[in-house]
2 protein chains.
Amino acid sequence: MIDGRTPLAVRFDGTREEAEQYDRADPLGFLRERFAHPDPDLIYLDGNSLGRLPVDTPDFLADVVRNGWGRGLIRSWNDWIDWGRRIGDRLAEHVLGAGPGEVALSDSTTVNLYKLAWAALDLAPDRRTLVVDADDFPTDRYVAQGLARQRGLALRTVHSDIDRGIDLDRLRAVLDDDVALVVLSHVAYRSGALADMAAINRMAHEVGALVLWDLSHAAGAVPVRLTEDGADLAVGCTYKYLNGGPGSPAFLYVRRSLQPRLRQPIQGWFGQRDQFAMGAEFDPIGTIDRFLAGTPPMLSTAALVPALDLVEEAGIDRLRAKGRLLGELTADLAARWLEPLGFRLASPEEPDRRGSHLTLWHPDAWRICRALAEEAGVVCDYREPDRLRIGPSPAYTRFTDVWDALDRTRTLVADGRHTRCSREKARIT
Amino acid sequence: MIDGRTPLAVRFDGTREEAEQYDRADPLGFLRERFAHPDPDLIYLDGNSLGRLPVDTPDFLADVVRNGWGRGLIRSWNDWIDWGRRIGDRLAEHVLGAGPGEVALSDSTTVNLYKLAWAALDLAPDRRTLVVDADDFPTDRYVAQGLARQRGLALRTVHSDIDRGIDLDRLRAVLDDDVALVVLSHVAYRSGALADMAAINRMAHEVGALVLWDLSHAAGAVPVRLTEDGADLAVGCTYKYLNGGPGSPAFLYVRRSLQPRLRQPIQGWFGQRDQFAMGAEFDPIGTIDRFLAGTPPMLSTAALVPALDLVEEAGIDRLRAKGRLLGELTADLAARWLEPLGFRLASPEEPDRRGSHLTLWHPDAWRICRALAEEAGVVCDYREPDRLRIGPSPAYTRFTDVWDALDRTRTLVADGRHTRCSREKARIT
């Protein structure tokens with residue numbers, strides 16, 4: 001029923017019994033118990049910000065701490081030195097649709113954006129324009145602004161629709177042969193709008209530009225097909241749908257044919273051909289490791305290992321199928337129950353045009369978000385302006401969780417309980 | 001006896017009984033049991049590469065994993081967001097001799113070097129020269145080479161003595177009013193030579209240049225006095241003498257008066273004034289946080305907390321006093337037992353001119369290092385060319401550990417057992 005071949009026009013009847021039926025039929029239902037649920041009554045719909053803790057992670061990490069660090073001490077680096085590469089290859093194969101040796105684990109998404117964008121700009125010194133999306137995640141825009149300033153480039157902006165994402169015609173209108181690089185997100189951080197990666201890559205390549213994709217909200221939520229879609233460059237985080245833990249290291253992807261031609265700006269010893277010879281001149285290694293910089297945070301890296309086991313066991317196609325259906329149920333119940341209360345969908349209506357989160361607009365979204373967390377046991381998050389973002393991660397969210405969360409929301413808002421919360425945005429979440 | 005006021009001309013008699021006396025009198029002896037020693041027979045003299053695991057770290061980290069991540073989920077970021085700043089202030093006060101708001105935890109040493117060097121070079125656009133030490137740690141040299149290439153600067157090299165460190169006359173000879181920035185290490189990674197930070201800062205300031213110090217081998221080993229010594233900029237790692245665990249986040253220091261004038265190149269959302277407003281334009285916050293970039297690795301950050309507790313309890317002056325004495329004992333026994341076997345000291349002879357590690361030269365150092373680890377239960381490390389680096393971290397190393405390690409070394413080398421090891425440098429350590 002929900003095996004990836006399900007027709008999309010599912011008709012819900014809006015009852016909790018129906019949600020229970022979906023849970024019983026869920027081929028990924030077994031995964032829920034592989035994650036920690038210390039507060040069984042809490043409904044967590046923010047897996048798009050920080051994924052839940054896999055049950056196996058604490059013991060795995062404790063072993064790395066006690067045996068790897070405590071017992072192995074410096075000798076463990078003989079093994080750790082390869083973890084980033086091994087994890088990169090796993091991400092490439094199971095999550096990103098890339099080849100071996102095309103993905104590395106490194107730094108933060110922000111630093112990786114900077115490194116790869118810089119390297120790409122060096123490839124086309126005669127092109128003087130960098131294209132960004134005015135609606136992209138802040139760090140992507142800020143990094144691009146910095147690069148444009150540092151390198152004296154023009155920054156050209158495509159104005160995506162805040163609810164519906166990248167408009168191909170608007171994007172085409174800003175592309176010409178002065179554009180060196182386009183920076184875009186595959187899944188929009190706020191609306192969840194899913195970009196047509198293949199079409200956009202083709203469009204950019206037609207004018208001779210490269211595209212750098214931010215996959216932070218896509219990796220683990222939708223099948224990413226970097227090779228098939230002709231992608232040049234990509235970065236992304238691992239703490240959302242990949243459940244790697246708070247601030248787990250980011251990844252970067254460079255198409256193999258581009259690797260020898262790109263040279264990143266932060267020439268650190270982890271990018272050196274013969275790292276421990278410690279030679280006089282920097283000589284970048286001929287592999288994806290040339291895009292590394294300094295010593296990686298191994299404890300935060302280690303937490304990714306059991307997390308990736310789960311993603312691989314589930315399979316990205318099953319995760320996507322369930323995530324889409326969870327989104328459809330969310331949208332259906334929101335239309336049924338929440339539109340009469342002043343909400344509207346602030347995401348694409350078509351399930352195929354969304355990632356695994358969606359957003360609802362409401363003029364009092366901040367206070368509703370606070371009240372849901374403080375009084376109703378529902379954690380989702382708020383995004384400027386006036387938006388409630390709902391991310392039911394397919395790995396551990398039940399259909400009844402979505403039903404209950406929207407049911408609690410309608411009751412809370414109908415009763416006006418959110419109006420007792422402060423309007424002051426003093427907290428992060 | 002070893003309280004920091006001890007005259008330096010300690011005379012050892014070379015007996016194990018004497019080392020035992022020092023252990024009994026050691027005011028930091030209590031610290032040893034605060035670190036894990038799963039192999040009691042292993043003598044670990046590589047705390048200058050990766051510090052030992054504090055006993056409290058596994059439980060502290062497990063709590064952050066199970067409760068912070070597993071139970072608190074995204075809500076824990078309300079607290080975590082301040083950890084880097086709080087740890088930065090602790091480092092400033094107890095380790096680095098800096099003021100509150102002058103130190104932040106961020107990225108790797110490599111990335112921080114890049115960020116601060118870039119920012120400093122922007123301050124003096126008319127100066128076209130960057131000075132580095134030919135003998136500095138590779139990542140420092142490589143980052144500087146990259147910056148020189150990217151910005152079209154001249155890279156001027158001061159040739160420090162491989163054994164004795166920075167020569168002030170040689171440094172003076174390469175300084176003039178074309179120099180924008182000097183990048184140097186406070187304690188040399190190989191010889192342990194300790195630079196005269198105050199004198200060098202003065203010398204650079206006289207020609208109008210700034211100095212960026214790498215404190216990786218100094219922090220936690222010697223009292224660093226950034227404010228008192230007139231330092232401009234500094235970076236460093238936390239996994240050596242600070243025992244933060246493999247790849248724990250690095251720190252960066254920017255003198256408060258310089259902060260508003262410096263703008264780092266990687267404009268990430270953690271450097272933004274109102275991070276969660278997610279506004280259109282990058283507007284760097286007016287604090288040390290403007291030098292942050294992306295989301296920090298919280299598990300690797302968390303491990304620093306119990307580690308810093310120990311450093312603060314010990315006090316940097318007591319750590320330094322003991323570290324110096326451990327170094328003196330090492331040098332004394334090496335002169336007594338190892339010089340006749342072909343070793344020589346490849347570090348400054350004066351204890352005040354060394355950090356807490358020192359280096360011995362031997363033509364067969366690689367095989368001796370391997371044999372010590374594989375057959376004699378002594379872990380130190382090898383550094384090119386032909387050097388055995390010995391780092392008896394004062395937090396957990398006993399005087400008898402040093403005595404036993406050097407005793408095992410003399411026996412092993414006298415018996416020629418190292419000659420059975422391969423000459424091939426296939427391993428990292």
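Criteria and thresholds
Residues numbered from 1 in each chain as written. Chains lettered and ligands numbered in written order. Predicted model: local features only at pLDDT ≥ 70, side-chain atom pairs only at ≥ 80, totals over all residues. Heavy atoms only, no water. Helix = DSSP H or I, 4+ residues; strand = E, 2+ residues; numbered from the N terminus. Buried < 20%, exposed > 50% of the residue type's maximum accessible area, 1.4 Å probe, protein only. Contact = heavy atoms within 4.5 Å. Areas by Shrake-Rupley, 256 points an atom, 1.4 Å probe, with all protein chains shown as cover. Least-squares fit on C-alpha atoms with pLDDT ≥ 70 in both. Salt bridge = Lys/Arg side-chain N within 4 Å of Asp/Glu carboxyl O. Disulfide = S-S within 2.5 Å. Pairing = 2+ DSSP bridges. Axes fitted to C-alpha atoms, helices over the stretch in contact; angles between N-to-C directions. Phe/Tyr/Trp six-rings, centres within 6.5 Å; stacked < 30°, edge-to-face > 60°. Arc of directions from axis to C-beta. Core = buried A, V, L, I, M, F, W, Y, C linked by side-chain atoms within 4.5 Å. Expected span 1.5 Å × (residues − 1). pLDDT = per-residue confidence, 0-100. Buried area = accessible area lost by both parts, 1.4 Å probe. Nonpolar A, V, L, I, M, F, W, Y, C, P; charged D, E, K, R; others polar.

(A) Spotlight on the overall build of chain A. In terms of helices and strands, chain A carries 13 helices and 13 strands. Principal-axis analysis of the C-alpha atoms places the extent of chain A at approximately 70 × 60 × 45 Å. Counting over 429 residues, chain A shows a buried share of 66%. Long-range contacts, defined as pairs at least 24 residues apart, comprise 73% of the intrachain contacts of chain A with a sequence gap of at least 6. Counting only carbon and sulfur atoms, one obtains 48% of the accessible surface of chain A, whose full area is about 14,400 Å².

(B) Fine view of the relation of the copies chain A and chain B. Aligned on chain B, chain A shows an RMSD of 0.0 Å; the corresponding rotation is 180 degrees and the shift along the axis is 0.0 Å. Taken together, the rotation angle and the small translation identify this as a two-fold axis. Measuring from the rotation axis to each C-alpha of chain A, the shortest distance belongs to Ser 300 of chain A, at 2.7 Å. The residues that chain A uses at the interface reappear at the interface of chain B in 99% of cases, marking a shared surface.

(C) How the structure looks around the pattern of salt bridges. Residues and elements named next belong to chain A. Evaluation of the coordinates by the stated rule reveals 70 salt bridges over all chains. Between Arg 16 and Asp 404 there is a salt bridge, with the nearest N and O atoms lying 2.7 Å from each other. With a gap of 388 residues between them, Arg 16 in helix 1 (residues 16-25) and Asp 404 in helix 13 (residues 399-414) connect regions that are remote in the sequence. Across the pair Arg 90 and Asp 309 runs a salt bridge, and its minimum N-O distance is 2.6 Å. Note that Arg 90 is positioned in helix 4 (residues 83-96) and Asp 309 in helix 10 (residues 304-314), a separation of 219 residues in sequence. One network of salt bridges, in which partners are shared, links Arg 16, Glu 20 and Asp 404.

(D) The arrangement of the state of the cysteines in detail. Summed over all chains, the structure comprises 0 disulfides over all chains. Just so you know, Cys 380 of chain A is unpaired, no disulfide at all, and the nearest cysteine sulfur is the one on Cys 369 of chain A, 4.7 Å from it.

(E) Representation of the sheet that holds strand 2 (residues 103-105) of chain A in the model. Residues and elements named next belong to chain A. Spatially, 7 strands are ordered 2-8-7-6-5-3-4 in an open sheet, and the strand pairing comes out mixed. On the outer flanks of this sheet lie strand 2 and strand 4 (154-158), each paired with one strand and no other. Ignoring which end each strand starts from, the neighbouring axes of this sheet average 20 degrees apart. With 3 bridges joining them, strand 6 (residues 210-214) and strand 7 (residues 233-236) adopt parallel strand pairing. Looking across to strand 7, one finds that Trp 213 is bridged to Ala 234. Its contacts with the sheet put helix 5 (residues 109-123) on strand 3 (129-133), strand 5 (179-185), strand 6, strand 7 and strand 8 (251-254), and the angle it makes with strand 7 is roughly 170 degrees.

(F) Expanded view of the sheet that holds strand 13 (residues 387-390) of chain A. All names here are of chain A. Judged by pairing direction, the sheet is antiparallel, and its 4 strands sit side by side in the order 9-10-13-12 without closing on themselves. Edge positions in the sheet fall to strand 9 (344-345) and strand 12 (381-383), since each of these pairs with one other strand and no more. Pairing of strand 12 with strand 13 involves 3 bridges; the strand directions are antiparallel. From the neighbouring strand, Arg 383 faces strand 13, where its bridge partner is Arg 387. In this fold helix 11 (residues 316-338) packs onto strand 10 (358-361) and strand 13, with an angle of close to 10 degrees to the strand it touches most, strand 10. Against the sheet, helix 12 (residues 365-375) touches strand 12 and strand 13, its axis set at about 45 degrees to strand 13.

(G) Representation of the pairing of strand 13 (residues 387-390) of chain B in the model. All names here are of chain B. Taking every second residue as pointing to the same face, both faces of strand 13 are buried, with Arg 387 and Arg 389 on one and Leu 388 and Ile 390 on the other. As paired strands, strand 10 (residues 358-361) and strand 13 are joined by 4 bridges and run antiparallel to one another. Looking across to strand 13, one finds that Thr 359 is bridged to Arg 389. Here strand 12 (residues 381-383) folds back onto strand 13 in antiparallel fashion, the turn holding 3 residues, of which Asp 386 has a positive phi close to 60 degrees.

(H) Local environment of the packing of aromatic side chains. Scanning the model with the defined rule gives 30 aromatic pairs over all chains in all. Ring plane angle 75 degrees and centroid distance 4.7 Å describe the contact between Trp 269 of chain A and Phe 137 of chain B, whose orientation is recorded as edge-to-face. Of the two residues, Trp 269 of chain A sits in the loop between strand 8 and helix 9 (298-302) while Phe 137 of chain B sits in the loop between strand 3 (129-133) and helix 6 (138-151), which places them in two different chains. Like Trp 269 of chain A, the residue Phe 137 of chain B is buried in the burial classification.

(I) Just helix 1 (residues 16-25) of chain B, in detail. All names here are of chain B. By the burial criterion, the buried members of helix 1 are Glu 18, Ala 19, Tyr 22 and Asp 23. Down the axis of helix 1, the sector holding all buried residues measures 145 degrees, keeping them to one side. On its buried face, helix 1 is in contact with helix 11 (316-338) and helix 13 (399-414).

(J) Spotlight on the nonpolar core. Formed by 148 residues in total, the largest nonpolar core has its most connected members in Leu 171 of chain A together with Leu 171 of chain B. Apart from residues lying up to four places away in sequence, Leu 171 of chain B is in contact with Val 131, Val 158, Ile 166, Val 182, Leu 184, Ile 200 and Met 203 of chain B. Among the nonpolar cores identified, the runner-up in size contains 82 residues, and Ala 120, Ala 148 and Leu 258 of chain A together with Phe 137 of chain B belong to it.

(K) Geometry of helix 6 (residues 138-151) of chain A. All names here are of chain A. For helix 6, with 14 residues, the first-to-last C-alpha span of 20 Å sits near the 20 Å given by 1.5 Å per residue. Here helix 6 lies mainly inside the structure; 13 of its 14 residues are buried. Directly beyond the C-terminal end of helix 6, a positive phi value near 65 degrees is found at Gly 152.

(L) Up close: the confidence of the model for chain A. Residues and elements named next belong to chain A. When pLDDT is averaged across chain A, the result is 95; 97% of the residues are at 70 or more. A low-confidence stretch, residues 1-9 stays under pLDDT 50, and its non-local contacts, those more than four residues away or across chains, total 16 contacts. The ipTM value of the predicted complex is 0.96, and its pTM value is 0.96.

(M) Broad picture of the interface of chain A and chain B. In this assembly, 80 residues from chain A lie in contact with 79 residues from chain B. The junction of chain A with chain B conceals about 7,100 Å² of combined surface from both sides, 65% of it contributed by carbon and sulfur atoms. Among the salt bridges present, the one from Asp 39 of chain B reaches Arg 71 of chain A, with a minimum N-O distance of 2.8 Å. Looking at the side of chain A that touches chain B, the elements with two or more residues in it are helix 2 (57-71), helix 3 (77-80), helix 5, helix 6 and helix 9 of chain A. Its residues placed into classes, the side of chain A that touches chain B shows 41 nonpolar, 24 polar and 15 charged.

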